[in-house]
Every structure is written in structure tokens, then in C-alpha cells.
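Residues per chain, in single letters:
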Amino acid sequence: MIALVPFGRVDGWLVERIERLAAKFFFNLSVFDSVPAPSSAYDHARRQYNASELLLTLRNLACSRGFQKVLGITSEDLYYGSSLFVFGCAEFGGTSAVISTCRLKAESEGLFASRVFKEVLHELGHLFGLEHCMNDCVMTFCERLDQIDVKKASYCSECLEKLTKAIENVRQTSRAHSGTPQSRDIWCTSSR
Ligand SMILES: [Zn+2]
Ligand SMILES: [Zn+2]
């Protein structure tokens, strides 16, 4: 149901850890072979990739292979619209999301992996229609690393309940839709 697509070089151990941890939250990820980030998405002046172009690439990839949801992961720096950078973006209740590990780097591998994983859970939450949450929850809005570091690496009970229903809905309607889904609102974890 959900594809995980590495853009360019992403550490194998990190992808494996994401796959393993995500499975604990009912997300069974199918890991694709790495694909090159489209050169058209690269902004030479900003030295960053345009997240909205990557979302489009991911959506096409997901649809062509019959996946309802797709999460891209890249070590490249991303921006969206007028933001300086984004940690991640997701089509709200839509098909595709992408995260960047570029600004999540930490001195320890453990802290780095924990930041990446929180970002994965957050964007997957948006993909399944979860909004930002004021509880002690991974769906808290963050625009800085210290905010990511203090938040919980799991959903609060309210979000978990909504998520479980949303996943079930997607499973049930999985074959009801065909063709390219419409684009949705984009929610980003970013600098403003
Ligand atoms: Zn919550
Ligand atoms: Zn968010």
C-alpha cells in the first residue's frame, strides 16, 4: 500500500530502520530501489531541490506501480514555495510525501535516526489526513530541530485512533480508484 522511495544515495541502515519501525505503526512499507532525483527539480541558484516537483515525481511513480501512498526520502536539501528549507512535505490526505535528512544530521547516529523517524511518522500522518496536534504527539508542528528533539516519536491516542481508521479506509477503497489522483493541499515541516 505504501512505497518508500529513496532519491539518490540514502544509507541502507537508515532505510531498514525506518521500514522496521514503521511496521510497528501499521505502515508496511515496500522499499523501492533508489531513483535519481529529477534534475528539473534542482534549483541551481538555491542549491536545493523543489519539494513540489519531487512530490509530483513520487505521485506518478506510485500510480504507475499501483501504490496508494508514497514517501520519498533524500539526503538533498529541499525547499517548498517561499520557505528557506523544509524538513518534509506531504499532500494532505493525498498520495505523496517527501522528507529530507539534510538538516536532521546529528553528532550521534541514534539522534539522527530518531529525528528522521519522527519526520517519517509526521509526514505519513499528514498523508493519512492527520492535522497538527497540541497533545504530546509526533503530529506537533515543528520548524526547528530542538522542537523535533523534544517531541514524542509516536502518536497520541486521539491521532492513533484517527490513523487506524484512515488506514483501514484506504485499504478498503484501494481498488475503487483508478487514474491519477487530484493534487491536494501541501503541508510542510519547515522554516516559515
Ligand atoms: Zn496527536
Ligand atoms: Zn506537519
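First, a word on what this report is: a plain description of the structure on this page. Please read these numbers as outputs of a predicted model, since none were measured by experiment.

For the protein, the helix and strand inventory stands at five helices and nine strands. Each helix (α) and strand (β) of the protein, taken in turn from the N terminus, gives the series β-α-β-β-β-α-β-β-β-β-α-α-α-β. Taking 192 residues into account, the globule formula puts the C-alpha radius of gyration at 16 Å, and the protein, at 15 Å, falls close to it. Here the C-alpha coordinates of the protein stretch approximately 40 × 40 × 30 Å along the principal axes. When burial is assessed residue by residue, the protein has 38% of its 192 residues classed as buried. Here the contacts in the protein between residues at least 6 apart in sequence split such that 68% fall between residues at least 24 apart.

When you tally the buried positions in strand 5 (residues 69–74), you get six out of six residues, the bulk of the element. With burial as the criterion, each face of strand 5 is covered, one bearing Lys-69, Leu-71 and Ile-73 and the other bearing Val-70, Gly-72 and Thr-74. Of the strand pairs in this sheet, strand 1 (residues 2–7) and strand 5 are connected by six bridges, and their pairing is parallel. The residue of strand 5 that forms the bridge with Phe-7 is Thr-74. Inspection of the sheet shows strand 5 paired to strand 8 (residues 96–100) by five bridges, in the parallel sense. Bridge pairing in strand 8 places Gly-72 opposite Val-98.

Here is what the cut-offs are and how they apply
- Residues numbered from 1 in each chain as written.
- Chains lettered and ligands numbered in written order.
- Predicted model: local features only at pLDDT ≥ 70, side-chain atom pairs only at ≥ 80, totals over all residues.
- Helix = DSSP H or I, 4+ residues; strand = E, 2+ residues; numbered from the N terminus.
- Rg over C-alpha atoms; globule rule 2.2 N^0.38 Å.
- Buried ≥ 20, exposed ≤ 12 C-beta atoms within 10 Å, placed from the backbone.
- Contact = placed C-beta atoms within 7 Å.
- Pairing = 2+ DSSP bridges.

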